[in-house]
Amino acid sequence: MPWLIAKYAVTALIVVVVSEAAKRSDRLGGLLAALPLVTLLALVWLQLERQPAEKIANHAWYTFWYVVPTLPMFLAFPLLLPRLGFWWTLGASAALTVVCFWLFALVVRPFGIQLLP
């Protein structure tokens, strides 16, 4: 149980640091948010928990493929925000991400990359 609490605390700390940095500097906040900090931390947790190398490698592999269809959201969000307001933009961005993910999964399937069950 202490290990799980430590994982929660460190992971939460990263989110807080990124959001606090974003308050002070748009660029620094964006840079920190763009870094794969949570993924790197997950890889460290998997290693410390003695997961097999194949599982750790698969986590990194699938993370890459799951990030690609999220990228259009980062372009759409600033364009939609002045027009729709925050909450509608957040919802539209989430919907766009789901659509992009589904389409991307269909596009990469013929190449042997199975993102959907």
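It should be noted that the structure appears before, not after, this text.
Residues numbered from 1 in each chain as written. Predicted model: local features only at pLDDT ≥ 70, side-chain atom pairs only at ≥ 80, totals over all residues. Heavy atoms only, no water.

1. Some points on the overall build of the chain
Formally: Each helix is a run of DSSP H or I of at least 4 residues and each strand a run of E of at least 2, with the numbering of both proceeding from the N terminus. What the globule rule says is 2.2 Å times the number of residues to the power 0.38, and the radius of gyration is computed from C-alpha atoms.
Tallying secondary structure elements over the chain gives six helices and zero strands in all. For the chain, the succession of helices and strands along the chain, N to C, is α-α-α-α-α-α. A compact globule built from 117 residues should have a C-alpha radius of gyration of about 13 Å, whereas the chain, at 17 Å, is more than 25% larger. Oriented by its inertia axes, the alpha-carbon framework of the chain measures out at about 50 × 45 × 25 Å.

2. A closer look at the packing of helix 5 (residues 71-84) against helix 6 (residues 86-108)
In plain terms, the rule: Geometry is summarised by axes, namely lines fitted to C-alpha atoms with helices restricted to the contacting stretch, and by angles between N-to-C directions that run from 0 to 180 degrees. With respect to orientation, any angle under 35 degrees is reported as roughly parallel, any angle over 145 as roughly antiparallel, any angle of 65 to 115 as roughly perpendicular, and every other angle as oblique. In this scheme the crossing of two helices becomes right-handed for a clockwise turn of the near helix relative to the far one and left-handed for an anticlockwise turn of less than a right angle. The contact rule is simple, with two residues in contact once any of their heavy atoms fall within 4.5 Å.
Following both chains from N to C, one finds helix 5 and helix 6 inclined at 150°, their axes separated by 8 Å at the closest point. By the angle between their axes, helix 5 is roughly antiparallel relative to helix 6. When you trace helix 5 past helix 6, the crossing you get is right-handed. Together, Pro72, Met73, Ala76, Phe77, Leu80, Leu81 and Leu84 of helix 5 and Phe86, Trp88, Thr89, Leu90, Ala92, Ser93, Leu96, Thr97 and Cys100 of helix 6 make up the contact between the two elements.

3. Quick notes on the packing of helix 1 (residues 2-24) against helix 3 (residues 37-48)
Running from N to C, helix 1 and helix 3 cross one another at 165°; their axes reach a closest spacing of 11 Å. It follows from the interaxial angle that helix 1 and helix 3 lie roughly antiparallel. Here helix 1 and helix 3 pass one another in a crossing that is right-handed. Packed against helix 1, whose contacting residues are Trp3, Lys7, Val10, Thr11, Ile14 and Val18, the element helix 3 presents Leu37, Leu41, Trp45 and Leu48 at the interface.

4. Re the packing of aromatic side chains
Inclusion rule: Two aromatic rings, drawn from Phe, Tyr or Trp (for Trp, its six-membered ring), form a pair once their centres lie within 6.5 Å of each other, and the interplanar angle then sorts them: stacked below 30 degrees, edge-to-face above 60, tilted otherwise.
The full count for this structure, using the stated rule, is eight aromatic pairs. Pairing Phe86 with Trp87 gives two aromatic rings, centres 4.8 Å apart and planes at 85°, and the pair type is edge-to-face. In textbook terms, an aromatic cluster arises when at least three aromatic residues are bridged by ring pairs, as seen for Trp61, Phe64, Trp65 and Phe104.

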